[in-house]
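Now for the letters of each chain:
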Amino acid sequence: MTTTPSLPSLVLRGTSATARFGDGLDYVQWEQDGRVTRIPLDAIEAVRSLDRSFEVVLTTAEADRPPAVYAVHDASAAAVTAFCAALQARLPEREVEGPRVDGEDLITEVPAGHPRRPSKRGLVVAVIAVFAVIDVAVAILREPAWAIALPFFQLFACAGVFMALTLGRGLYDALRLPKHGITVMAELDHYTDRTKVYRYVDQEGGLHFYREPTGGQQLELSYDPRNPSRASARQSLYGQVMMALVAAVGLGMACGGLGVTGYQLFIALRG
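Report follows, based on the coordinates. (Residues numbered from 1 in each chain as written. Predicted model: local features only at pLDDT ≥ 70, side-chain atom pairs only at ≥ 80, totals over all residues. Heavy atoms only, no water.)

## Considerations on the sheet that holds strand S5 (residues 44–50)
Strand order in the open sheet made by the three strands is S5-S6-S7, with antiparallel pairing throughout. Two strands close off the open sheet at either side, each with one partner strand: S5 and strand S7 (69–72). Ignoring which end each strand starts from, the neighbouring axes of this sheet average 15 degrees apart. Relative to S7, strand S6 (residues 53–58) is paired through four bridges, and the arrangement is antiparallel. Of the residues in S7, the one forming a bridge with valine 56 is tyrosine 70. Lying over the sheet, helix H1 (residues 77–90) contacts S5 and S6, oriented at roughly 160 degrees with respect to S5. (Pairing = 2+ DSSP bridges. Helix = DSSP H or I, 4+ residues; strand = E, 2+ residues; numbered from the N terminus. Axes fitted to C-alpha atoms, helices over the stretch in contact; angles between N-to-C directions. Contact = heavy atoms within 4.5 Å.)

Take a look at the structure:
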């Protein structure tokens, strides 16, 4: 008979990394740059906290070699304090003269199960740059006033794209995953100031979280076995219809805003 380890009870989120740790675990789960790694407690020399930053210092086999450091920046100060205290209480005692190992050799990487996605921040910067070039070109070649007017149409289009993609993907998952995915009962993990956060475990034992504002202590979820972090809560027919309508409205907004932008660029280039 096998037993399931306790689920992580502490989550520390920063701008570029997330760390998870709980009483039932002998490692810290580290998520950064699309990778998920496990840092065993035996690989940790010390932990440090400073205001909103947290650092894990790994052990080294050679005293004169600088240790590897994993850091979370711009996290909640209270969360940093709690996370650091919980981890310090679990670190093993080390003999001063005992043999030492390289902490990096003990770290293991958890298979992601899906390809790494491009950075959203890079995509946003690229879109802004393209729109800025179009606005400047139209203002120079046609009318300076369009440098002020076009950004409003582009913001309108971006809002539409966000609505169409978010609701469209949600509707696609709601229709596909219950038929082709794996359905589980997720347990309520914690609350945030905006929503509830549920946890579920995939077939490989990986832990995942799902945000849903409505629901009780349990929530029926269906997840993609090829990408277990992609899941969908059970949706009623009314919910599916509303998602489709909002996605259609967003698509119309996107087409309208991009259409005006493209037409003005075409007129400006034609002279």
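## What about the pattern of salt bridges?
A complete count under the given rule lists nine salt bridges for this structure. As a salt-bridge pair, aspartate 189 and arginine 199 come within 3.0 Å of each other at their nearest N and O atoms. Of this pair, aspartate 189 sits in strand S9 (residues 182–191) while arginine 199 sits in strand S10 (residues 196–201); the two residues are ten residues apart in sequence, bridging distant segments of the chain. Under the relative-accessibility criterion, aspartate 189 is labelled partly exposed at 22%. Judged by its relative accessible area of 23%, arginine 199 is partly exposed. Where salt bridges share partners, they join Arg169, Asp173 and Arg230 into one cluster. (Salt bridge = Lys/Arg side-chain N within 4 Å of Asp/Glu carboxyl O. Buried < 20%, exposed > 50% of the residue type's maximum accessible area, 1.4 Å probe, protein only.)

## As for H1
Taking 1.5 Å as the rise per residue, H1 with 14 residues should run 20 Å; its terminal C-alpha atoms sit 20 Å apart, in good agreement. Listing the buried residues of H1 in full gives Val80, Phe83, Cys84 and Leu87. Considered in projection along H1, the buried side chains sweep an arc of 100 degrees and stay on one side of the axis. Away from its buried face by more than 90 degrees, H1 exposes Ala78, Thr81 and Ala89. Contact partners of the buried residues in H1: strand S1 (10–13), strand S2 (17–21), strand S3 (27–32), S5 and S6. (Expected span 1.5 Å × (residues − 1). Arc of directions from axis to C-beta.)

## Let's talk about the packing of helix H3 (residues 120–141) against helix H5 (residues 237–270)
Between two packed helices, the angle of one axis relative to the other and the distance separating the axes together describe the packing. As a packed pair, H3 and H5 sit with axes 9 Å apart at the nearest point and diverge in direction by 45 degrees. When the axes of H3 and H5 are compared, the pair comes out oblique. Viewed along their axes, H3 and H5 form a crossing whose handedness is left-handed. Across the interface between the two elements, Phe131, Ile134, Ala137, Val138 and Leu141 from H3 touch Leu258, Thr261, Gln264, Leu265, Ala268 and Leu269 from H5. Its residues assigned to classes, the contact of H3 with H5 comprises nine nonpolar, two polar and no charged. (Parallel < 35°, antiparallel > 145°, perpendicular 65-115°, else oblique. Left-handed = near helix turned anticlockwise from the far one by under 90°. Nonpolar A, V, L, I, M, F, W, Y, C, P; charged D, E, K, R; others polar.)

## Section: the nonpolar core
The biggest cluster of nonpolar side chains holds 23 residues, and the ones touching the most others in it are Val28, Trp30, Ile44, Phe54 and Leu87. If you list the elements that add at least two residues to this core, you get S2, S3, S5, S6 and H1. It is H1 that provides the largest number of residues to this core, a total of four residues. Sequence-distant contacts of leucine 87, defined by excluding residues within four places in its chain, comprise Phe21, Val28, Leu41, Ile44, Val47, Phe54 and Val56. Among the nonpolar cores identified, the runner-up in size contains ten residues, and Leu188, Tyr210, Tyr223 and Ala231 belong to it. (Core = buried A, V, L, I, M, F, W, Y, C linked by side-chain atoms within 4.5 Å.)

## Thoughts on the sheet that holds strand S11 (residues 207–212)
Spatially, S11-S10-S9-S12-S13 is the arrangement adopted by the five strands of the open sheet, whose pairing is antiparallel. Only two strands of the sheet have a single partner each, and these edge strands are S11 and strand S13 (227–233). Averaged over neighbouring strand pairs, the angle between their axes works out to 45 degrees when direction is ignored. Relative to S13, strand S12 (residues 218–224) runs antiparallel, the two sharing four bridges. Residue pairing for S13: leucine 221 is matched across the bridge by alanine 233. Along the sheet, helix H4 (residues 146–180) makes contact with S9, S12 and S13, crossing S13 at roughly 100 degrees.

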